[in-house]
Amino acid sequence: MEHPCSIFEDLERYVVKDAPPTVYYIPDFITEDEESQLLQQVYKAPKTKWTQLSNRRLQNWGGLPRPKGMLGEKLPDWLLKYCERISALGAFAGKTANHVLVNEYKPGEGIMPHEDGPLYHPTVTTISLGSHTLLDFYRPISAQELDEVPQTEESRYLLSLLVRPRSLLILQDDMYQRLLHGIQGTHHDSLTERVANLLAAGVQPGATLTRGTRVSLTVRHVPIVMKANLLLGRK
Ligand SMILES: O=C(O)CCC(=O)C(=O)O
Ligand SMILES: [Fe+2]
């Protein structure tokens with residue numbers, strides 16, 4: 001009843017209960033072989049496929065999402081395979097993911113707290129490769145707070161999720177639509193009780209993990225896909 005998107009019963013055992021609705025964390029969603037094959041494919045892509053940002057670089061696959069829809073591009077088979085595997089879990093309410101963002105973070109790199117916005121189906125799923133990271137979640141600035149003392153990032157910080165290599169993370173509902181997420185540009189992560197999925201990730205509280213280079217595949221469904229010929233036929 002809480003899920004308009006019919007998530008299969010199977011997924012329910014992966015719910016992270018110590019976080020707001022809804023997070024699924026699936027350790028070892030892919031094998032080590034699949035991980036190295038994916039990394040090979042990512043690094044085989046032509047240099048021009050990469051967009052260098054100040055604190056990470058990325059590859060965009062499936063088309064560029066725009067407010068009025070996406071000019072869809074066919075996904076390569078090596079990505080389609082995982083889009084279909086994740087979609088078969090029911091993560092996209094019966095639809096099949098059609099967009100993948102590949103992000104690469106060297107140790108010390110990260111991504112500012114942000115919302116993914118309304119262009120996607122209200123689900124984002126992430127496969128992590130090569131290294132863990134900590135995904136940090138923040139409350140948005142409310143209108144009421146705007147009038148008062150400005151809220152610091154620290155005071156808006158709510159919790160973190162540990163995403164280990166080969167895991168799948170699924171975010172929906174408030175975790176996707178209300179909270180902001182980001183990754184601190186650090187070299188080491190101390191795992192405190194603010195990490196909501198420590199147990200599921202198999203890590204002792206108090207442990208420190210050193211970051212390597214992490215590649216994430218952010219797999220999404222973009223609902224409106226324009227056809228190339230329709231676009232070209234218009235002024
Ligand atoms: O690398 C990640 O897991 C997060 C990426 C992200 O937030 C995004 O691409 O919007
Ligand atoms: Fe994001």
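Residues numbered from 1 in each chain as written. Chains lettered and ligands numbered in written order. Predicted model: local features only at pLDDT ≥ 70, side-chain atom pairs only at ≥ 80, totals over all residues. Heavy atoms only, no water.

An unreviewed UniProt entry lists the protein under the name Alpha-ketoglutarate-dependent dioxygenase alkB homolog 6 isoform X1, with Salmo salar given as the organism. According to the UniProt record, the Subcellular location (unreviewed entry) comment for the protein is "Nucleus". (UniProt positions renumbered as here; feature names shortened; annotations may be inferred.)

Caption draft 1: Representation of the pattern of salt bridges within the structure. Applying the stated criterion across every chain, the model contains eight salt bridges. Linking Asp-189 and Arg-211 is a salt bridge whose minimum nitrogen-to-oxygen distance equals 2.8 Å. Of this pair, Asp-189 sits in strand S13 (residues 188-190) while Arg-211 sits in the loop between strand S14 (208-210) and strand S15 (214-220); the two residues are 22 residues apart in sequence, bridging distant segments of the chain. For Asp-189, a relative accessible area of 4% gives the class buried. (Salt bridge = Lys/Arg side-chain N within 4 Å of Asp/Glu carboxyl O. Helix = DSSP H or I, 4+ residues; strand = E, 2+ residues; numbered from the N terminus. Buried < 20%, exposed > 50% of the residue type's maximum accessible area, 1.4 Å probe, protein only.)

Caption draft 2: Quick peek at the coordination of the iron ion (ligand 2). Coordination of the iron ion (ligand 2) by the protein is provided by His-114 (NE2), Asp-116 (OD) and His-181 (NE2), with metal-donor distances spanning 2.1 to 2.2 Å. Coordination of the iron ion (ligand 2) draws on donor residues from a single chain, spaced H-x1-D-x64-H in sequence. One end of the pair, His-114, is in strand S7 (residues 111-114); the other, His-181, is in strand S12 (residues 180-183), with 67 residues separating them in the sequence. Accessibility expressed as a relative area gives 10% for His-181, which makes it buried. (Donors = N, O, S within 2.8 Å, 3.2 Å for Na, K, Ca; no water.)

Caption draft 3: Region of interest: the layout of surface pockets. Quantified by volume, the largest pocket comes out at close to 360 Å³. Surrounding the largest pocket, 21 residues form its lining, Ile-111, His-114, Asp-116, His-181 and Arg-220 being those nearest its centre. (1 Å grid on protein atoms, 1.4 Å probe; cavity = no way out; pocket = protein on both sides within 12 Å on 5 of 7 lines; lining within 4 Å. Points joined across faces, edges and corners; volume = space filled by probe spheres on them.)

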